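# Examining the three-dimensional arrangement
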Amino acid sequence: MEEIKESLAFKGVAERLTLGITRILENMPGVVDVRFAEREPAEKRSLLSWEQKNTCILPEDLRDFYLTTDGFTLTWSVKLDNECVPLGCMMINSVARLCPLLQPVSLFSLPNAPSLVDLDWEESNTDSGMGHAPAAPHFDSRSRIFELDSCGGNGKVCLVYKSCTAGVVAQQSEIWFLDRSLCWHFLTATFTSYYRLMITHLGLPEWQYAFTPYGPSPQAKQWASLYQPLTFSSELSLADPVGDSHLNKLDPTKAFKGKAKVPVPKKKQSTQGGSGSTAKNQGGAGRHIGAKR
């Protein structure tokens with residue numbers, strides 16, 4: 001009986017954590033093997049230790065999340081030709097894996113070895129032209145960046161503290177996406193907003209690229225249009241109000257229409273020639289009759 005009560009209690013917690021997305025996925029056509037990894041809550045001392053080590057204060061919503069579950073993993077697959085293909089993945093790193101994006105330089109590294117800090121430069125002209133857009137993080141000591149999700153190698157979702165000063169505890173944080181070209185893209189101002197965004201996009205591949213100017217790959221767009229048609233279509237309309245200019249506009253009625261034979265108009269010369277030949281024939285017939293007479 002106690003085991004049954006514990007399992008029911010865990011089901012209730014899992015239902016609240018996933019916002020009921022597991023039931024929605026299980027009812028989708030072709031979706032199989034929906035798995036939610038059960039994790040114990042993080043200890044308060046581990047959170048305090050993380051804050052002291054990194055000189056940062058965890059946001060309240062992220063702290064409450066870790067006190068409920070030490071990380072989050074939900075995966076699901078699709079069935080194609082009697083084979084299960086992993087597709088969706090929603091992940092939040094545990095406290096132990098909430099590591100800085102920029103690791104300290106090793107003593108054995110070369111003195112002139114390139115690093116991400118070398119990519120930082122003052123973009124005063126660019127930043128002034130961005131208008132209301134938030135300033136992008138820096139790879140140097142001005143920002144403290146921690147990895148929340150590796151995105152399956154397609155980029156990194158990061159917890160970012162900006163405008164940091166050495167020895168001063170950072171408190172204000174945002175959620176940013178670092179793509180594979182090492183460009184920053186703002187996602188949300190709070191962890192709760194990002195968490196809801198992740199659930200809404202079902203953990204589909206490259207869903208973070210919907211918040212970039214160039215968008216996800218064509219294959220990711222196909223998966224999104226299949227399993228997330230409403231959100232996918234609204235994102236396309238927001239990104240490009242007049243339509244997606246990157247897609248080829250193909251009219252099947254014109255592309256696959258057979259070539260009709262166009263009647264060639266008769267040339268006037270041929271008509272005149274025909275009339276001339278007729279006249280010649282008539283003249284020859286007249287001469288022939290006159291000769292008989």
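Residues numbered from 1 in each chain as written. Predicted model: local features only at pLDDT ≥ 70, side-chain atom pairs only at ≥ 80, totals over all residues. Heavy atoms only, no water.

### Quick notes on the environment of V31
- On the secondary structure map, V31 appears in strand 1 (residues 31–36).
- On the basis of relative accessible area, V31 is assigned to the buried category, the value being 10%.
- Not counting residues up to four positions away in its chain, the partners in contact with V31 are L25, W76, S77 and Y227. (Helix = DSSP H or I, 4+ residues; strand = E, 2+ residues; numbered from the N terminus. Buried < 20%, exposed > 50% of the residue type's maximum accessible area, 1.4 Å probe, protein only. Contact = heavy atoms within 4.5 Å.)

### Topic: the sheet that holds strand 2 (residues 72–80)
- Spatially, 1-2-3 is the arrangement adopted by the three strands of the open sheet, whose pairing is antiparallel. Since the sheet does not close on itself, it has two edges, and those belong to strand 1 and strand 3 (83–92), each with one partner. Pairs of neighbouring strands in the sheet enclose a mean axial angle of 15°, with direction left out of account.
- Inspection of the sheet shows strand 2 paired to strand 3 by nine bridges, in the antiparallel sense. Directly across from L80, in strand 3, lies its bridge partner E83.
- Against the sheet, helix 7 (residues 218–227) engages strand 1, strand 2 and strand 3, with an angle of about 90° to strand 2. (Pairing = 2+ DSSP bridges. Axes fitted to C-alpha atoms, helices over the stretch in contact; angles between N-to-C directions.)

### Section: the sheet that holds strand 6 (residues 174–178)
- The strand order across the open sheet formed by four strands is 4-5-6-7, and the pairing between neighbours is antiparallel. Where the open sheet ends on each side, the last strands, each with one partner, are strand 4 (144–149) and strand 7 (184–188). Neighbour to neighbour, the strand axes of the sheet diverge by 40° on average, direction disregarded.
- Where helix 6 (residues 191–200) meets the sheet, it contacts strand 4, strand 5 (156–161), strand 6 and strand 7, and its direction lies at approximately 95° from that of strand 7.

### Looking at the pairing of strand 5
- Summarising burial for strand 5: five of the six residues are buried, a large majority.
- Bridging between strand 4 and strand 5 involves five bridges; their strand directions are antiparallel. Of the residues in strand 5, the one forming a bridge with I145 is V160.
- Where strand 4 folds back on strand 5, the antiparallel hairpin that results is connected by six residues, among which C151 adopts a positive phi of roughly 60°.

### Some details on the packing of aromatic side chains
- One pass over the full model with this rule turns up 16 aromatic pairs.
- Ring-pair connections join several aromatic residues into one group, and the members of that group are F36, F65, Y66, F72, F191 and Y195. (Phe/Tyr/Trp six-rings, centres within 6.5 Å; stacked < 30°, edge-to-face > 60°.)

### Describing helix 4 (residues 60–68)
- Within the span of helix 4, buried status applies to L62, F65 and Y66. Here the buried residues of helix 4 occupy an arc of 95° about the axis, which is enough to place them on one side. (Arc of directions from axis to C-beta.)

### Focus: the packing of helix 3 (residues 44–54) against helix 4
- For the pair helix 3 and helix 4, interaxial distance at closest approach is 10 Å and the crossing angle is 140°. Judged by the inter-axis angle, helix 3 sits oblique to helix 4. The way helix 3 lies across helix 4 gives a crossing that is right-handed. Contact residues: K44, L47 and E51 in helix 3; R63, Y66 and L67 in helix 4.
- Tallied by class, residues from the contact of helix 3 with helix 4 come to three nonpolar, no polar and three charged. (Parallel < 35°, antiparallel > 145°, perpendicular 65-115°, else oblique. Left-handed = near helix turned anticlockwise from the far one by under 90°. Nonpolar A, V, L, I, M, F, W, Y, C, P; charged D, E, K, R; others polar.)

### Quick look at the environment of A133
- The topology assignment puts A133 in the loop between helix 5 (124–129) and strand 4.
- On the accessibility criterion, A133 (28% relative accessible area) is partly exposed.
- Remark: the alpha-carbon pair of A133 and F186, spanning 53 residues in sequence, is separated by 8.5 Å.

### Points about the pattern of salt bridges
- For the coordinates displayed, the defined rule picks out six salt bridges.
- K156 is paired through a salt bridge with E147; the nearest N and O atoms lie 3.3 Å apart.
- The exposure class assigned to K156 is partly exposed, which follows from its relative accessible area of 27%.
- Where E174 meets K162, a salt bridge forms, and the shortest distance between an N and an O atom there is 3.2 Å. With E174 in strand 6 and K162 in the loop between strand 5 and strand 6, this pair connects stretches of sequence that are twelve residues apart. (Salt bridge = Lys/Arg side-chain N within 4 Å of Asp/Glu carboxyl O.)

### A look at unusual backbone geometry
- The backbone phi angle of N82 is positive, close to 60°, even though this residue is not glycine.
- Topologically, N82 is positioned in the loop between strand 2 and strand 3.
- If you check the backbone angles, L182 has positive phi at about 65° while not being a glycine.
- Along the chain, the position of L182 falls in the loop between strand 6 and strand 7.
- With relative accessibility at 33%, the residue L182 sits in the partly exposed group.

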